[in-house]
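Observations on the model geometry
If you want the building blocks of each chain, they are given just below.
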Amino acid sequence: MTISLVGLSTLHALGLQALIKESYPGNHVIIPAMSASDETWQSADGFIVSATALASYAPFFMPRLSQILLLSSAPVLESGRGLPVLSPLASRTEILAAISRLKTTAKALPRKSHDDMQPKAEALPLTRRELDVMRLTARGAAAKEVASQLGISVNTVLTHRKNITDKLGIHGTPALIYFALKHQIL
């Protein structure tokens, strides 16, 4: 199996590469240069990616969600939905377990195309204004910036965010960004 380490810091990438080679001999690890001409990483069977790389290469990664392990230090609520997330502070045992699950799911789950993905923004139970708030938040705008751009108060933005989390069952900005990417809201 080939695993690409995309968008990780040098230390994270080298540490994971050494751990994978030691624990799973015979597996190949790619640490891409991420230049326009380097596309070797795209042929991997599985991907360990940063949130920035996931957002930057969303069109490539969205049909390959079953092949992704997200490296993120953001707190994650375990809901059984979404991408599997690995903390850089995880123990060796936790890291190896996450990589083992990646290896299993990357091979076992069917690859999905964009057309097979979940409902688009129009089919979600959100109001137009909630979609606007979600879109701006997923693009990195703070509540104050969202309020300014939409001509509403910060409290209204926070109320919309609460309604979004209640309706969709997602919590936190990373989960909101992932949801927005997955449902092509951006």
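Below: a short report on this structure.

Thoughts on the sheet that holds strand 5 (residues 85–86)
The pairing of strands in a sheet happens through backbone hydrogen bonds and is either parallel or antiparallel. The strand order 2-1-3-4-5 describes an open sheet built from five strands, whose pairing is parallel. Both outer strands of the open sheet, strand 2 (28–30) and strand 5, are each paired with one neighbouring strand and no more. Two elements, strand 1 (residues 2–6) and strand 3 (residues 46–50), share four bridges in a ladder whose sense is parallel. Within strand 3, the position partnered with L5 by the bridge is I48. Running over the sheet, helix 1 (residues 10–23) touches strand 1, strand 2, strand 3 and strand 4 (68–71) and is turned about 165° from strand 1.

Re the packing of helix 5 (residues 128–138) against helix 6 (residues 143–150)
Here helix 5 crosses helix 6 at 130°, and the two axes come no closer than 10 Å. The orientation of helix 5 relative to helix 6 falls into the category oblique. The way helix 5 lies across helix 6 gives a crossing that is right-handed. Two secondary-structure elements touch here, helix 5 through R129, D132, V133, L136 and T137 and helix 6 through V146, Q149 and L150. Broken down by class, the residue content of the contact of helix 5 with helix 6 amounts to four nonpolar, two polar and two charged.

Here we look at the nonpolar core
One broad trend across soluble globular proteins is that nonpolar side chains are buried collectively. Among the nonpolar cores identified, the biggest contains 21 residues, and L5, I20, I48 and I99 are the most heavily contacted of them. For this core, the leading source of residues is helix 4 (residues 92–108), giving six residues. Apart from residues lying up to four places away in sequence, I99 is in contact with I3, L16, I20, Y24, I48 and L69. Counting 19 residues, the second largest nonpolar core, distinct from the first, contains L136, A147, I164 and I170.

Some remarks on the packing of aromatic side chains
A full pass over the atoms with the stated rule returns seven aromatic pairs. Here W41 and Y57 contribute two aromatic rings whose centre-to-centre distance is 5.2 Å and whose plane-to-plane angle is 70°, an arrangement assigned as edge-to-face. Taken together, the positions of W41 in the loop between strand 2 and strand 3 and Y57 in the loop between helix 2 (51–56) and helix 3 (58–61) put the pair 16 residues apart, joining distant regions of the chain. On the basis of relative accessibility, which here comes to 2%, the residue W41 falls in the buried class. Taking the relative accessible area as the measure of exposure, Y57 reaches 28% and is therefore partly exposed. Ring centres of W41 and F60 lie 5.0 Å apart, and the angle between their planes is 70°; on these two criteria the pair is classed as edge-to-face. Pair noted here: W41 is in the loop between strand 2 and strand 3 and F60 is in helix 3, with a separation of 19 residues, a long-range link. Across this residue pair, the class does not change: W41 and F60 are buried. These aromatic residues form a ring-pair network of at least three members: W41, F47, Y57, F60 and F61. Against the face of F60 rests R64, its NZ or CZ located 3.9 Å from the ring centre.

Focus: the pattern of salt bridges
Summed over all chains, the structure comprises six salt bridges. E22 serves as the salt-bridge partner of R92, at 2.5 Å between the closest nitrogen and oxygen. Note that R92 is positioned in helix 4 and E22 in helix 1, a separation of 70 residues in sequence. Taking relative accessible area as the criterion, R92 reaches 44% and is therefore assigned partly exposed. Since its relative accessible area comes to 54%, E22 is described here as exposed. Put simply, R128, R129, D132 and R135 are held in one network by salt bridges that share partners.

Rules behind the numbers
Residues numbered from 1 in each chain as written. Predicted model: local features only at pLDDT ≥ 70, side-chain atom pairs only at ≥ 80, totals over all residues. Heavy atoms only, no water. Pairing = 2+ DSSP bridges. Helix = DSSP H or I, 4+ residues; strand = E, 2+ residues; numbered from the N terminus. Contact = heavy atoms within 4.5 Å. Axes fitted to C-alpha atoms, helices over the stretch in contact; angles between N-to-C directions. Parallel < 35°, antiparallel > 145°, perpendicular 65-115°, else oblique. Left-handed = near helix turned anticlockwise from the far one by under 90°. Nonpolar A, V, L, I, M, F, W, Y, C, P; charged D, E, K, R; others polar. Core = buried A, V, L, I, M, F, W, Y, C linked by side-chain atoms within 4.5 Å. Buried < 20%, exposed > 50% of the residue type's maximum accessible area, 1.4 Å probe, protein only. Phe/Tyr/Trp six-rings, centres within 6.5 Å; stacked < 30°, edge-to-face > 60°. Lys NZ or Arg CZ within 6 Å of the ring centre and 35° of its normal. Salt bridge = Lys/Arg side-chain N within 4 Å of Asp/Glu carboxyl O.

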